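Understanding the architecture of this molecule
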There are 2 protein chains.
Amino acid sequence: MRLFDGGRAPNPRRARIFLAEKELNIPLVPIDMGALGHRSDEIQSLNPLQRLPVLELDDGTVITESVAICRYFEELHPEPPLFGEGPLGKALVEMWNRRVEFHFLGPVSTAFRHTHPAMKQWEVPQIPEWGEANRPKAVEFMSLLDQQLATNTFIAGNRFSIADITLLVSVDFLKPARITMPDELINLRRWHEAVSSRPSAKA
Amino acid sequence: MRLFDGGRAPNPRRARIFLAEKELNIPLVPIDMGALGHRSDEIQSLNPLQRLPVLELDDGTVITESVAICRYFEELHPEPPLFGEGPLGKALVEMWNRRVEFHFLGPVSTAFRHTHPAMKQWEVPQIPEWGEANRPKAVEFMSLLDQQLATNTFIAGNRFSIADITLLVSVDFLKPARITMPDELINLRRWHEAVSSRPSAKA
C-alpha cells in the first residue's frame, strides 16, 4: 500500500494528519505539485482527475478523494473514532465536515486559485473577480465557526474529528489566500491554537 | 421529526430519493425556494447557511447537509446499504459520491447559478464568465462517468448507492444548466435510463 502525497496543499495534508491521529504509518510517495507532478502520466493513470492524494492498495485498487481515503482507514482502524460515534454523532461530523468544505475550504481555495499569479496555469480561466467574491464568504463563515466553538471544544462537539482536520487545513490556508481571521473571533482562535499544538498538526 | 424540503433543487431531491430507497416516510415541510422561502426567519434560525434540506429531530436537534441527513438514516436503518459495505466498498462509494459532487454537480450548479437570469438574486455577484467556464468541465467529466459505467452497473460498482442518487440529480440538472449530454456516451445513457425508471426517481 502507498499514498501518493502532494505536500503542503490542503487535501494531501488532511490525509496525513488523519493518519497521524490514527498512529498509522503508510509509505508516502512525495509528488511535487509545484512542478505539476500531479499531471504526470503516472498520476493521470491512477487518477484521471489529476488530484492528490491517491491511495494505491497492494492489489492495484486505487482510492482517491482525501475523505474517502480517511474513511477507508477509519473502517480498518476504528480507534480513535474520527468520523463520530452513533447515528447522530456520525451525522453531525458529516454535517460539519461538509459545512467547512463547502462554505470555507471552498471559498478559501477559490480565492487562492483565482487571484494568485502562480495559479494561472492551474486554474484556466483564472477569474480574479470570482476569487475576490469568495473572500467575504470565507470571512462571514468564520463567525458561524466562532459561535459553534463558543459552546463546543471541537467543531462537531466535544470530541476531535475529521471536521477539525478539515478546518485546520482550511484556516492554515487563509494566509496564502490572503484572507485575515478577524481579531474578535476568540473562540476560533482558541480552537486553532489548541488543534495546532497536537502532534498530528506537523504531519 | 420533520424534513424541511426544497422541491426540485438537487440537494432536497437527493434526500427524498434516499428516503424512498429506504422506504422511509418522514413528514415533509415544503419550502418554496422560488419565493426565497429558504431565507425566511424560520429556516435561518434552523440553518444560518439558509440551505435546504434541514432535518429537525423531535428534541430540536438540527441536521443540515443532505449527505449528513442521509447518513443519519443509513445508521438508523442500515438496509438496504446505500453508503457501501466493508472498508473498500464504503471508501469507493465515498470516492464516487465526492467525485460526482465536486467535478459534476458543482460545475453543473455553477453554470446554472452564474448564467441563468433568475439566479441573479441568489448568486451575488453573478459572474457569467465563471458560469460558462464550468460547462466544458461538466462535459469532460461525463466521459469519465461513461468509462466507469462501461464495466459497472452502477457508478460505484455493482450495487446502487448514494453516489447514483447524487449522479441522477446532477444529470437531471443538466437541462436547466443548458448543458447537453454527448450522444456517444452510451453507458451513461443506459445508466440514466435504468436509474430514472426506479420508483425512487419520482420522489
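Everything numeric in this text was worked out from a predicted model, so none of it was measured. All residue numbers here refer to positions counted from 1 along the written sequence of the relevant chain. For naming, the first written chain is A and the first written ligand is 1, with later ones following in the order written. Local features in this predicted model are restricted to residues whose pLDDT is 70 or higher, and side-chain atom pairs enter the listing and the counts only when it is 80 or higher, whereas totals over whole chains, interfaces and linings include all residues.

Further remarks concern the interface of chain A and chain B. We call two residues in contact when the distance between their C-beta atoms, placed using the backbone, is within 7 Å. Each partner contributes to the interface: chain A provides 27 residues, whereas chain B provides 27 residues. Where the side of chain A that touches chain B is concerned, the elements lending two or more residues are β4 (62-64), α3 (66-76), α4 (86-115) and α5 (128-150) of chain A. Starting at the N terminus, helices and strands are each numbered in turn, a helix being any DSSP run of H or I of at least four residues and a strand any DSSP run of E of at least two. In terms of residues, the side of chain A that touches chain B owes the most to one element, α4 of chain A, which gives nine residues. Residue classes follow a fixed rule: Ala, Val, Leu, Ile, Met, Phe, Trp, Tyr, Cys and Pro count as nonpolar, while Asp, Glu, Lys and Arg count as charged, and any other residue, Gly among them, counts as polar. The residue inventory of the side of chain A that touches chain B, partitioned by class, reads 16 nonpolar, three polar and eight charged.

When the copies are overlaid, the least-squares fit takes in C-alpha atoms only where the residue has pLDDT of at least 70 in both copies. Aligned on chain B, chain A shows an RMSD of 0.0 Å; the corresponding rotation is 180 degrees and the shift along the axis is 0.0 Å. Here the copies are linked by what is in effect a two-fold axis. Taking C-alpha positions as the reference, the residue of chain A nearest the rotation axis is W130 of chain A, at 3.6 Å. Both copies contact each other with a shared surface, as 100% of the interface residues of chain A are interface residues in chain B too.

Glancing now at the packing of helix α4 (residues 86-115) of chain B against helix α6 (residues 162-171) of chain B. Residue and element names in this part refer to chain B. Between α4 and α6, the shortest axis-to-axis distance is 8 Å and the interhelical angle comes to 10 degrees. Taken together, α4 and α6 sit at an angle that is classed as roughly parallel. Of the residues in α6, those in contact with V93, W96, N97, V100, E101, F104, L105 and V108 of α4 are I162, A163, T166, L167 and S170. Of the residues belonging to the contact of α4 with α6, the class tally is nine nonpolar, three polar and one charged. Axis geometry follows a simple rule: fit a line to the C-alpha atoms, using only the stretch in contact for helices, then measure angles between N-to-C directions, giving values from 0 to 180 degrees. Orientation categories follow fixed angle ranges, with anything under 35 degrees roughly parallel, anything over 145 roughly antiparallel, 65 to 115 roughly perpendicular, and all other angles oblique.

All names here are of chain A. Once the domains are mapped, chain A shows domain 1 (2-76) and domain 2 (86-202). For each domain, the first and last residues come from an automatic or database assignment. Centre-to-centre separation of domain 1 and domain 2, based on C-alpha positions: 21 Å. On the domain 2 side, the residues contacting the eight residues of domain 1 number twelve residues. Considering each element in turn, the side of domain 1 that touches domain 2 owes the most residues, seven residues, to helix α1 (residues 10-21). Classifying every residue of the side of domain 1 that touches domain 2 gives five nonpolar, no polar and three charged.

The next subject is the pairing of strand β1 (residues 2-5) of chain B. All names here are of chain B. Relative to strand β3 (residues 54-56), β1 is paired through three bridges, and the arrangement is antiparallel. Directly across from R2, in β3, lies its bridge partner E56. Strands qualify as paired when DSSP identifies two bridges or more between them. Pairing analysis gives three bridges linking β1 to strand β2 (residues 28-30), with the strands arranged parallel. Pairing of L3 across the sheet is with L28, part of β2. Running through helix α1 (residues 10-21), the crossover from β1 to the neighbouring parallel element β2 is right-handed. With the strands aimed away from the viewer, a crossover counts as right-handed if its path from the first strand over the helix to the second runs clockwise.

A few words on the nonpolar core. Core analysis: the biggest nonpolar cluster contains 99 residues, and F18 and V108 of chain A together with F18 and V108 of chain B have the highest contact counts within it. Contacts of F18 of chain A, omitting those with residues within four sequence positions, involve C70, F73, L82, I162 and I165 of chain A. Note on terminology: a nonpolar core is any set of buried Ala, Val, Leu, Ile, Met, Phe, Trp, Tyr and Cys residues joined through C-beta atoms within 7 Å. Once C-beta atoms are placed from the backbone, each residue is buried if 20 or more other C-beta atoms lie within 10 Å of its own, exposed if 12 or fewer, and partly exposed for counts between those two.

Residue and element names in this part refer to chain B. Tracing the sequence through the fold places A203 in the segment after α7 (186-196). Judged by the 15 C-beta atoms lying within 10 Å of it, A203 falls in the partly exposed class. Through-space distance from the C-alpha of A203 to that of L19 is 8.7 Å; in sequence the pair is 184 residues apart. Every residue in contact with A203, bar those within four places of it in the chain, is listed here: R16, I17 and A20.

Moving on: the environment of P136 of chain A. Residues and elements named next belong to chain A. Following the sequence through the fold, P136 ends up in helix α5. By the C-beta count within 10 Å, which is 12 here, P136 ends up exposed. The sequence separation of P136 and L76 amounts to 60 residues, and the corresponding C-alpha distance is 40 Å.

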